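Here is how the chains run, residue by residue.
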Amino acid sequence: SPGIRIADLVVIRVSNEASRTPMVQAVRDEPSVASFAASWPGVLSSGPSVLVETDGTRTALPCHFVSPEFFSVLGIDVLRGRGFMPEERSSNLSVAVVSEATSRRLWPMREAVGQVLRLDRDAGAGVATPGDPVLESRTATVVGVVSDVPGFRISPIGPPMCPISTWTSESIRR
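Residues numbered from 1 in each chain as written. Predicted model: local features only at pLDDT ≥ 70, side-chain atom pairs only at ≥ 80, totals over all residues. Heavy atoms only, no water.

Draft legend 1. Quick peek at the nonpolar core. Membership of the largest hydrophobic core comes to 16 residues, with the highest contact counts inside it found for V52, V98, W107 and L117. In this structure L117 touches V52, E53, T54, V98, W107, R138, T139, A140 and V142, once residues within four positions along its chain are discounted. V66, L74, V95 and V149 belong to the second-largest nonpolar core, a separate cluster that totals 11 residues. (Core = buried A, V, L, I, M, F, W, Y, C linked by side-chain atoms within 4.5 Å. Buried < 20%, exposed > 50% of the residue type's maximum accessible area, 1.4 Å probe, protein only. Contact = heavy atoms within 4.5 Å.)

Draft legend 2. Expanded view of the environment of G83. For G83, the location among the structural elements is in the loop between β4 (78–81) and β5 (95–99). The spacing of G83 and S67 is 16 residues in sequence and 9.9 Å in space, taken between C-alpha atoms. Setting aside residues no more than four positions away along its own chain, G83 makes contact with F71, V78, E88, V97 and V143. (Helix = DSSP H or I, 4+ residues; strand = E, 2+ residues; numbered from the N terminus.)

Draft legend 3. The pattern of salt bridges, seen in detail. A full pass over the atoms with the stated rule returns 6 salt bridges. Ionic pairing is found between D55 and R110, a salt bridge with its closest N-O pair at 2.2 Å. Linking D55 in the loop between β2 (49–54) and β3 (57–66) with R110 in the loop between α3 (100–106) and β6 (116–121), this pair joins segments that are 55 residues apart in sequence. With a relative accessible area of 40%, R110 lands in the partly exposed category. The partner of R58 in a salt bridge is D120, with the nearest N and O atoms 3.5 Å apart. Pair noted here: R58 is in strand β3 and D120 is in strand β6, with a separation of 62 residues, a long-range link. A residue is classified by how much of its surface remains accessible, and D120, at 10% relative accessible area, is buried. (Salt bridge = Lys/Arg side-chain N within 4 Å of Asp/Glu carboxyl O.)

Draft legend 4. Focus on the side chain of T54. For T54, the position within the fold is in strand β2. Residue T54 is classed as buried on the basis of its relative accessible area, which comes to 5%. In contact with T54, other than residues within four places in its own chain, are L106, W107, V116 and L117.

Draft legend 5. View of unusual backbone geometry. Positive phi, normally seen in glycine, also occurs at D55, with a value near 50°. Take D55: its relative accessible area is 60%, and that puts it in the exposed class.

Draft legend 6. The pairing of β6, seen in detail. Looking at chain direction, β2 and β6 are connected through 4 bridges and run antiparallel. Within β6, the position partnered with V50 by the bridge is R121. (Pairing = 2+ DSSP bridges.)

Draft legend 7. Up close: a nonpolar patch on the surface. A cluster of nonpolar side chains, contributed by V10, I12 and M23, occupies part of the molecular surface with about 280 Å² of accessible area. Turning to its location among the elements, V10 is positioned in the segment before α1 (20–29). (Patch = residues over 30% accessible without salt bridge, like charges linked within 9 Å, V, L, I, M, F, W, Y side chains within 5 Å. Areas by Shrake-Rupley, 256 points an atom, 1.4 Å probe, with all protein chains shown as cover.)

Draft legend 8. Region of the structure containing the packing of aromatic side chains. Applying the stated rule across the entire model yields 2 aromatic pairs. The interplanar angle of 80° and the centroid separation of 5.4 Å between the aromatic rings of F70 and F71 together place this pair among those described as edge-to-face. Taking relative accessible area as the criterion, F71 reaches 3% and is therefore assigned buried. When the centroid spacing of 5.9 Å and the interplanar angle of 35° are considered together, the rings of F71 and F84 count as tilted. Of this pair, F71 sits in helix α2 (residues 70–74) while F84 sits in the loop between β4 and β5, and the two are 13 residues apart along the sequence. For the pair F71 and F84, one class covers both residues: buried. Aromatic rings pair up to connect F70, F71 and F84 into one cluster. (Phe/Tyr/Trp six-rings, centres within 6.5 Å; stacked < 30°, edge-to-face > 60°.)

Nothing here speaks to function; it is geometry throughout.
Structure representation (structure tokens):
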């Protein structure tokens, strides 16, 4: 089991950004679709590497850009704190949800919720693909901890991950 709901999950990859809005609108208008969420990269793909700084220590971790619905649609449990709120779709609101493994790695003796971390693009991780979201340096407050997802361990970077709410497309609002 990949650790996420897959029985009734359909993944649509949008490689042409100009097609995103009409495609999302078509999915939204489809009566058989109960809910949907957005993420970049794809659900089981490794996210871009970011440098996470806490207490003066920098750690490279993969991150995912996700919509507030991501965790509930995929059946990923929020263990402590909360998931993202719909009003946190803006990239100006810097909040993060971390996996349980990330919580243990970054704050082994403390609670992750409420901790502040600094996110920077990992320049050593290679060149970004044109059209990929741009991660600007920012400080984020951890608002939740989610259960580890075994499927995310497929990537060579390892199981810790740091989803950040920066999905700004107005078109995915329900």
